[in-house]
Amino acid sequence: MPYYPLYALLFLDTGLSQAQVSLLFAVWSVTGLLAEVPAGVLADRWSRRGVVVLAGVLQAAAFVVWTAAPAPWTFAVGFGVWGVSGALVSGASEALVYDGLAALGAEGSYARVNGWMTSAELLVQVPTAFAASALFALGGYAAVGWVSVAVCLAAAALALRFPEARGDAGDDEEEALREGLRDTLRRPGLRLTVLAVALLGGLDAVEEYFPVVSGDWGIPTAAVPLAVLATALAGAAGGALAGRAEGLPDRALPALLVAAGLLLGAAALWARPAALVAVSLFYGLYIMVLVVGEARLQHRITGPHRATVTSVAGLGIEIASLPVFAAWALAGAGGVAVVVLVVVPLVAAGLRSRVGQVAG
């Protein structure tokens with residue numbers, strides 16, 4: 001998506017302050033927060049594949065608004081639409097993949113497959129960075145925006161071809177929502193894992209600021225997409241290694257997260273172009289822990305409400321991202337590093353392998 005490495009800079013170049021950019025990100029999260037669980041219920045009752053397709057169309061609509069009339073209020077509207085899109089895809093996509101593997105008796109490989117998916121998502125940023133730089137040089141933010149709209153629609157069309165295998169969640173939407181929430185809340189092991197994944201996922205909000213720190217630390221705007229490639233590649237490596245990391249001792253995962261937080265804090269203190277190396281290492285370790293957490297959550301869910309329960313975790317992610325945005329607005333990357341370290345004990349409790357598989 002050519003917009004990804006540049007849209008934060010679009011906001012700043014339109015005249016917004018970094019605090020206002022954080023406020024826009026908060027609008028994005030709050031919208032997703034409100035839509036998250038209903039979106040999971042819709043995926044369970046209707047079609048997870050259909051929900052993923054709809055999410056792509058809505059994301060394209062958000063980028064149309066930004067590109068056609070770039071202004072603070074249109075950025076807010078676009079983030080509102082994108083927030084709904086993200087809510088639609090978050091629970092549905094994981095449930096779609098896990099149940100597809102389960103139908104083949106291969107659910108044990110979910111961590112590896114999810115890690116590969118995460119790696120592919122990050123590796124595609126390599127050609128995207130070159131494309132974004134070239135498009136910006138040729139036609140500015142408008143060229144970047146319209147090509148991003150086309151990419152969203154192409155992705156939605158491709159999602160129409162995804163296979164779908166799942167159980168029947170029932171016909172009553174209110175009952176489906178109640179059952180999904182009950183399954184999440186009544187099982188202590190599942191509650192802890194949902195909380196851990198929510199806290200981990202909320203930390204990913206820091207990714208939105210990677211282009212901003214690149215610009216602040218002396219990288220020219222046209223070169224920012226290329227400058228953050230190391231971060232994407234490190235994240236891809238972390239995702240690819242997640243299948244192996246799933247078998248690490250319980251104490252290893254929180255230790256990796258602590259190391260990640262310290263690296264981000266060191267980068268914030270250094271604040272030079274070379275500090276992006278530390279940011280990249282932080283992101284690779286973080287993605288590794290996140291993918292393992294997502295896999296352990298899916299392993300601990302059973303029954304027809306997988307997308308709904310996953311969306312409950314997604315709701316927690318949106319809530320957990322708000323302190324990240326606030327920490328950045330107050331203290332930049334150093335503030336986020338503190339948040340990373342603060343959540344380590346709860347993440348450690350939720351990802352313990354001895355928390356057995358429970359019904360959900």
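This text follows the structure it describes.
This is a predicted model, so every value here is computed, not measured. (Residues numbered from 1 in each chain as written. Predicted model: local features only at pLDDT ≥ 70, side-chain atom pairs only at ≥ 80, totals over all residues. Heavy atoms only, no water.)

(A) Layout of the overall build of the protein chain. What the protein chain contains, in helices and strands, is 15 helices and 0 strands. Its C-alpha radius of gyration of 19 Å places the protein chain within 12% of the 21 Å reference for a compact globule of 360 residues. Considering the protein chain as a whole, with its 360 residues, one finds that 54% of them fall into the buried category. Taking the intrachain contacts of the protein chain between residues at least 6 apart in sequence as the baseline, contacts between residues at least 24 apart amount to 84%. About 14200 Å² of surface is accessible on the protein chain, with carbon and sulfur atoms providing 69% of the total. Considering the protein chain, the positive charge centre built from 19 side chains and the negative charge centre built from 24 side chains are found 9 Å apart. (Helix = DSSP H or I, 4+ residues; strand = E, 2+ residues; numbered from the N terminus. Rg over C-alpha atoms; globule rule 2.2 N^0.38 Å. Buried < 20%, exposed > 50% of the residue type's maximum accessible area, 1.4 Å probe, protein only. Contact = heavy atoms within 4.5 Å. Areas by Shrake-Rupley, 256 points an atom, 1.4 Å probe, with all protein chains shown as cover. Lys, Arg positive; Asp, Glu negative; His and termini not counted. Charge placed at Lys NZ, Arg CZ, Asp CG, Glu CD.)

(B) Structural detail: the packing of helix α11 (residues 229-240) against helix α14 (residues 276-299). Two elements in contact, α11 and α14, have axes separated by 7 Å at closest approach and are oriented at 30°. As judged from the angle between their axes, α11 and α14 are roughly parallel. Here α11 and α14 pass one another in a crossing that is right-handed. Where α11 approaches α14, its residues Ala230, Thr231, Ala234, Gly235, Gly238 and Gly239 are matched on the opposing element by Leu276, Val279, Ser280, Tyr283, Gly284, Ile287, Met288 and Val291. (Axes fitted to C-alpha atoms, helices over the stretch in contact; angles between N-to-C directions. Parallel < 35°, antiparallel > 145°, perpendicular 65-115°, else oblique. Left-handed = near helix turned anticlockwise from the far one by under 90°.)

(C) Highlighting the nonpolar core. In this structure, Phe11 and Phe25 are the most contacted members of the largest nonpolar core, which totals 78 residues. The residues contacting Phe25, other than those within four sequence positions of it, are Tyr7, Ala8, Phe11, Phe79, Glu208, Tyr209 and Phe325. Membership of the second largest hydrophobic core comes to 14 residues, among which are Ala35, Ala87, Leu88 and Ala159. (Core = buried A, V, L, I, M, F, W, Y, C linked by side-chain atoms within 4.5 Å.)

(D) Broad picture of the environment of Leu96. By secondary structure assignment, the location of Leu96 is in helix α4 (residues 72-103). For the pair Leu96 and Leu233, spaced 137 residues apart in the sequence, the C-alpha separation amounts to 26 Å. Setting aside chain neighbours within four positions, we find Leu96 in contact with Arg48, Arg49, Phe162, Pro163 and Glu164.

(E) Geometry of the side chain of Thr31. Here Thr31 is to be found in helix α2 (residues 18-45). Within polar-contact distance, the side chain of Thr31 engages the backbone oxygen of Val27 at 2.8 Å. Apart from the residues lying within four places of it in its own chain, the contact partners of Thr31 are Gly80, Gly83 and Val84. (Polar contact = N/O pair within 3.5 Å; in protein donor to acceptor, adjacent residues only side chain to side chain.)

(F) Up close: the environment of Thr308. Inspection of the secondary structure puts Thr308 in helix α15 (residues 306-350). Of the residues examined, Thr308 reaches a relative accessible area of 0% and is grouped as buried. Once the C-alpha coordinates of Thr308 and Asp44 are considered, the two residues, 264 residues apart in sequence, prove to be 6.7 Å apart.

(G) Layout of the packing of aromatic side chains. The full count for this structure, using the stated rule, is 31 aromatic pairs. Aromatic side chains Phe11 and Phe79 sit 5.6 Å apart centroid to centroid with 65° between the ring planes, which places their arrangement in the edge-to-face category. With a gap of 68 residues between them, Phe11 in helix α1 (residues 7-13) and Phe79 in helix α4 connect regions that are remote in the sequence. Between Phe136 and Tyr141 the ring centres are 5.0 Å apart and the planes differ by 65°, which places this aromatic pair in the edge-to-face class. For Phe136, a relative accessible area of 22% translates into the label partly exposed. (Phe/Tyr/Trp six-rings, centres within 6.5 Å; stacked < 30°, edge-to-face > 60°.)

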